[in-house]
Structures are given as C-alpha cells and as structure tokens.
Amino acid sequence: MTLALETTDLKVQLRLADDWFTVCDLSTLLPGRGVAALLPDGRQVALFADRTGRLYAIDNRDPFTGAAVLSRGLTGTHQGRPFVASPLLKQRFDLESGQCLDDEAVRVTAYEVKAA
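What counts and what doesn't
Residues numbered from 1 in each chain as written. Predicted model: local features only at pLDDT ≥ 70, side-chain atom pairs only at ≥ 80, totals over all residues. Heavy atoms only, no water. Salt bridge = Lys/Arg side-chain N within 4 Å of Asp/Glu carboxyl O. Helix = DSSP H or I, 4+ residues; strand = E, 2+ residues; numbered from the N terminus. Buried < 20%, exposed > 50% of the residue type's maximum accessible area, 1.4 Å probe, protein only. Phe/Tyr/Trp six-rings, centres within 6.5 Å; stacked < 30°, edge-to-face > 60°. Lys NZ or Arg CZ within 6 Å of the ring centre and 35° of its normal.

Trainee: Which residues make up the pattern of salt bridges, and what values do they have?
Mentor: Within this structure, the stated rule accounts for seven salt bridges. One salt bridge connects D59 with R43, and the closest N-O pair in it is separated by 3.9 Å. In this pair, D59 sits in strand 5 (residues 55–59) while R43 sits in the loop between strand 3 (35–38) and strand 4 (44–49), placing the two residues 16 residues apart along the sequence. Given the relative accessible area of 15%, D59 is considered buried. Its salt-bridge partner being D102, residue R92 comes within 2.8 Å of it at the nearest N-O pair.

Trainee: Residues and numbers for the packing of aromatic side chains, please.
Mentor: Any aromatic ring pair is given by two values, namely how distant the centres are and how the planes are angled relative to each other. Scanning the entire structure with this criterion turns up one aromatic pair. Plain terms: the ring middles of F64 and F93 are 6.3 Å apart, the flat faces sit at 50° to each other, and that makes the pair tilted. One end of the pair, F64, is in the loop between strand 5 and strand 6 (74–78); the other, F93, is in strand 8 (residues 92–94), with 29 residues separating them in the sequence. Owing to a relative accessible area of 0%, F93 belongs among the buried residues under this scheme. The cationic tip of R92 hangs over the ring face of F83; the distance from NZ or CZ to the ring centre is 5.6 Å. A cation over a ring is seen here: K114 above W20, with NZ or CZ 4.2 Å from the ring centre.

Trainee: Which residues make up the environment of Q79, and what are the values?
Mentor: For Q79, the position within the fold is in the loop between strand 6 and strand 7 (81–85). Judged by its relative accessible area of 71%, Q79 falls in the exposed class.

Here it is, written out as structure tokens:
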C-alpha cells in the first residue's frame, strides 16, 4: 500500500526584501522535521513547523562547518525557545532569531515566514 501526502492550497512563503517568495506547500512540513529549499539568489533556507503549526525559517548553512545541513538537525526547546541543533557539531540555533545558543557571536539569518 502506498500513502500519498495530503496536499492543501496553503503555501509557505518567506519575506525576501520587500516581497513574499513562495517556497513549498504547507503539507511538505512535518512537525519536528526540517525541509531545505533553494532561494532565487542561490542560498538555501531550512524550514520547520512545530506541533502547534508555527512556522520557522533560517539559513540552512551551518556557520561552523559551512555545510548546508541545518534542515537535517534535531529540533527542541531550551528555556522556552525553539531551536535546531546542527547534525554535525551540535550547536543550537534559535529558530525565531537565528542566534546560536552556544556561541553569542554567531547567528544565522532568520526569515519572516507565513502560510497563505
């Protein structure tokens, strides 16, 4: 038996400069699992949804290794702040601000994201 993903008319959109860019169908995002998407300028973004349906988007590139892997990281919370831990060296990045929770001097870009 093959299961088909449920699709919706809702799309995940990121604010890039002064406009919204459609990235993927909302049904692509599963709570606790990241998805990588390519932006028009060639950068990658890591998209996440939590169990309440809140959406997050940060750069996919791990600033400590240069690898595009944050979408493959483990998600969790620390002191009420949602984060993703890099699958390589395990540094945690706040999904709302992009701030590294393990090194104050490091951050990744966080994007405004919505489903429309």
